[in-house]
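# Descriptive analysis of the structure
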Amino acid sequence: MNKLANKTYTYYFLLPAGIVYFVFFLLPTIMSLFFSMTWWTLTDWKFIGFENFVTFLTEPSLNIGFKNTLIYAVVTSGLKVIIGLLLGVFLSSKLKTVGFIRSMVFFPTLLSTIAVGIAFTMMMHPSQGIINIVLSGLGIVGPDWLGDTKIALLSVALVDVWKGIGMATVIFIAGIMSIPEDYYEALMMDGGNAWHKFKSIILPLSRPAMNTVIILSFIGGLRSFDLIWTMTKGGPGFSTDLIASIIYKQYQAGFFGLSTAGNVILFILVSALAFPLYAYLNKKEVDL
Amino acid sequence: MAKRKKIVSLLLSSALMAGVLAGCTSKEETSSGGSKSGVTEKITFLIDNQTQLDGIEAIIDEFEKKNNIKVEIETRPGGAEGDNIIKTRLATGDMTDLVWNNSGSQLQALNPEQNFVDLSKEPFMENIMEDYKDAVSANGKVFGVPGTPTNAGGWLYNKKVYEELGLTVPKTWDELMANNEKIKQAGKTAVIGTFKDTWTSQVIVLADNYNVLEENPTFAEDFTANKAKISTTPAALRSFEKLEEVFKKGYMNKEFLATGYDAGLKMLADGEGAHYPMITFALANLATTFPDKMQDIGIFGQPSDSAEKNGLTVWMPAGIFINKNSEHIDAAKKFLEFYVSQEGVTIYSSKIPPTGPFAIKGVELPDDVYPAVKDMIQYFDSGNNAPALEFLSPVKGPSLEQITTQVGSGISSAKEGAELYDKDVEKQAKQLGLEGW
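This is a predicted model, so every value here is computed, not measured. (Residues numbered from 1 in each chain as written. Chains lettered and ligands numbered in written order. Predicted model: local features only at pLDDT ≥ 70, side-chain atom pairs only at ≥ 80, totals over all residues.)

Attention shifts here to the domain arrangement of chain A. All names here are of chain A. You can read the domains of chain A as domain 1 (2–51) and domain 2 (64–283). Of note, the centres of domain 1 and domain 2, computed from C-alpha atoms alone, are 33 Å apart. Facing the nine residues of domain 1 at the interface are six residues of domain 2. Among the elements of the structure, α2 (15–35) and β1 (38–40) are those that each provide at least two residues to the side of domain 1 that touches domain 2. Classifying every residue of the side of domain 1 that touches domain 2 gives five nonpolar, four polar and no charged. (Domains from an automatic or database assignment. Contact = placed C-beta atoms within 7 Å. Helix = DSSP H or I, 4+ residues; strand = E, 2+ residues; numbered from the N terminus. Nonpolar A, V, L, I, M, F, W, Y, C, P; charged D, E, K, R; others polar.)

Another point: the nonpolar core. V156(A), F172(A), L156(B), L268(B), A282(B), F335(B) and A372(B) are the most contacted members of the largest nonpolar core, which totals 159 residues. Top element by residues in this core is helix α8 (residues 152–177) of chain A. It accounts for 14 residues. Residues within four places of A282(B) in sequence aside, it is in contact with L156(B) and L265(B). By size, the runner-up hydrophobic cluster in this structure holds nine residues, among which are F35(A), F255(A), F256(A) and A261(A). (Core = buried A, V, L, I, M, F, W, Y, C linked by C-beta atoms within 7 Å. Buried ≥ 20, exposed ≤ 12 C-beta atoms within 10 Å, placed from the backbone.)

Residue and element names in this part refer to chain B. The domain architecture assigned to chain B consists of domain 1 (41–149 + 317–365) and domain 2 (151–315 + 385–432). Distance between the C-alpha centres of domain 1 and domain 2: 28 Å. Facing the twelve residues of domain 1 at the interface are 14 residues of domain 2. If you list the elements that add at least two residues to the side of domain 1 that touches domain 2, you get α4 (105–108) and α6 (130–135). The residue makeup of the side of domain 1 that touches domain 2, split by class, is four nonpolar, seven polar and one charged.

What follows is about the packing of helix α5 (residues 98–110) of chain A against α8(A). Residues and elements named next belong to chain A. Two elements in contact, α5 and α8, have axes whose closest approach is 7 Å; the angle formed by their N-to-C orientations is 125°. Between α5 and α8, the crossing angle belongs to the class labelled oblique. Regarding α5 and α8, the two cross each other, and that crossing is left-handed. Residues V105, F106, F107, P108 and T109 of α5 form the contact with α8, whose participating residues are W162, K163, G164, I165, G166, M167, T169 and V170. Counted by class, the contact of α5 with α8 contains eight nonpolar, four polar and one charged residues. (Axes fitted to C-alpha atoms, helices over the stretch in contact; angles between N-to-C directions. Parallel < 35°, antiparallel > 145°, perpendicular 65-115°, else oblique. Left-handed = near helix turned anticlockwise from the far one by under 90°.)

Residue and element names in this part refer to chain B. Ordered by their spatial adjacency, five strands build an open sheet running β2-β1-β3-β12-β6, and the pairing between neighbours is mixed. Either end of the sheet is taken by a strand with one partner, and the two such strands are β2 (69–76) and β6 (144–146). Pairwise comparison of adjacent strand axes, ignoring direction, gives a mean angle of 25° for this sheet. Strands β1 (41–48), β2, β3 (98–101), β6 and β12 (319–322) of the sheet are contacted by helix α15 (residues 329–339), whose axis makes an angle of about 160° with β12. (Pairing = 2+ DSSP bridges.)

This part takes up the interface of chain A and chain B. Accessible area lost during the coming together of the parts is what is often quoted as the interface size. Counting residues at the interface gives 32 residues for chain A and 30 residues for chain B. Elements supplying a minimum of two residues to the side of chain A that touches chain B: α11 (207–222) and α13 (243–252) of chain A. If one sorts the elements of the side of chain A that touches chain B by residue count, α11(A) sits on top with three residues. In the side of chain A that touches chain B, the residues fall into 13 nonpolar, 15 polar and four charged.

So, in structure tokens, the structure goes:
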């Protein structure tokens, strides 16, 4: 068998895929590692060692950026897991309108992030936005969602959750649906109630789905950019800056080497957080 | 279990692919009309989509009638996104023949010597004002002609509100603050803040440059050479303090963080707000949206602390530059010559009433210009004006608008803001590779 395989397939078959992978993934990665250590104007470059990294790490707004990025990633992935799980349990039941509600929940995922950002920015206007108009109808004075530096980041995170919840729910539904009926039957024999069903069957056995949601939304949160950029542009001032938005502003200013260094740092940060998290979550997975 | 893992990883990778695929650009295809003569030369012209094209298009129409040259406009987004498009297209050799770009520090960022044609020997450059040439020069070479009339940064004000409340144009900062107090007491917005469009938050700081230079005539050179810092130069720090004071006294509209530029213009035109610290290109926008209110709008320069010193900070207009790699340099030069001739200016003014004097010598303005432009011309005639700092120095930190938003909304003090800006400037100067940093 081994011999036959060696005869039939040569390594040349790897070439097309290999070239694509090299040109579009490996080469840019190597190039960005190189250019992150240069002073670069797109046409001209000069090697300057680790100076860009020093400049990037001493950026005054970077402290806020690191903190905000972590808060944003934890809040969005946490809420997506909790709400997504509850919706997933609810929507894997045998309700009649379940298909309709599923598509309702999934719908925001299909929208363009930019459109969502613009729409919510208008709805969150302190006096003319529909959210505060409704709140004031209920006798509540709504906050300045995006202008108040204390809550602006959370406001954007909530919109992110609203938009991303559909994907999380679908993954949970897939996970829950693939739990074999036998477990529920066994539970019924033992006289368990709905709570036991959730706690002892659904929760542990939808673990792979949960891990997928956690990893995807956590990484997504760490490198999130589009929503914050449409809604606040990192403002007011620097108060909702994320690492990605700091990098983008440096790129806009024409500091290409510096922003490439920022991207390398972001890459290291995401890997440093995501790989241990992934390993930890995988260890806790149980077999069916 | 193995199967389950496969499904999960399939889901994972498809989600990642979706992320990769997000990011498409669209390019507007412009169809080229088949030239009958066969010898018609075609030059292309890249302009941002914020600029009003009526005047430019009228000049092009006339130019095409007189010459066997066709000029085709391509548009690009404005702001920093547009800057990136210009940089990328220059770097990849995919640039149009003519390029519309800001003068001053934003031209220096494009490495003009490498990318644009030197025009200093051209006869039509003799009529361009010296101040303007300075703003489009590098190493003694001049690269552009002014594309619009000159702008100024100052305090646009509603003359009707001033009349109603019996106010006079302030000669000092204290008088301005006293006016603001009276306007606030009368229940109107004293100072219109539109920080949703963050760039508008910079105007009070930038428009103070006339006053800074009156106190420290060599500030621009010292600043460029890293010999003077904003936070340690009292006159420059004062610009940030003025912004801080406007916030602290509560003179701005309550929702200034959620209000945008267009809403600000409306407030000024309606007299809901009395002052709007702004650059005069806003007059063109006002004239389009509120043509019947133009008689109510005036402007004064940001006052200093002394009644003797009263001047206006001038914004040099955007320029038109010729791509060095163009194959139609002579045709492009011909177009620029026509653009800055009296005929060109007359055609331009017939479409867009001038929002300020032209940076071209010997060109006359029509008599029926807006009152605000008449206010501006007084400062030009008396010589009481100075260019904004970004036209005197290539150094301009990219984060100024975030920093002025912080100072203007009380997140940080004037001193903290100035220190933050000094750091920002240092970063930019190092990236530009300037001497002394």
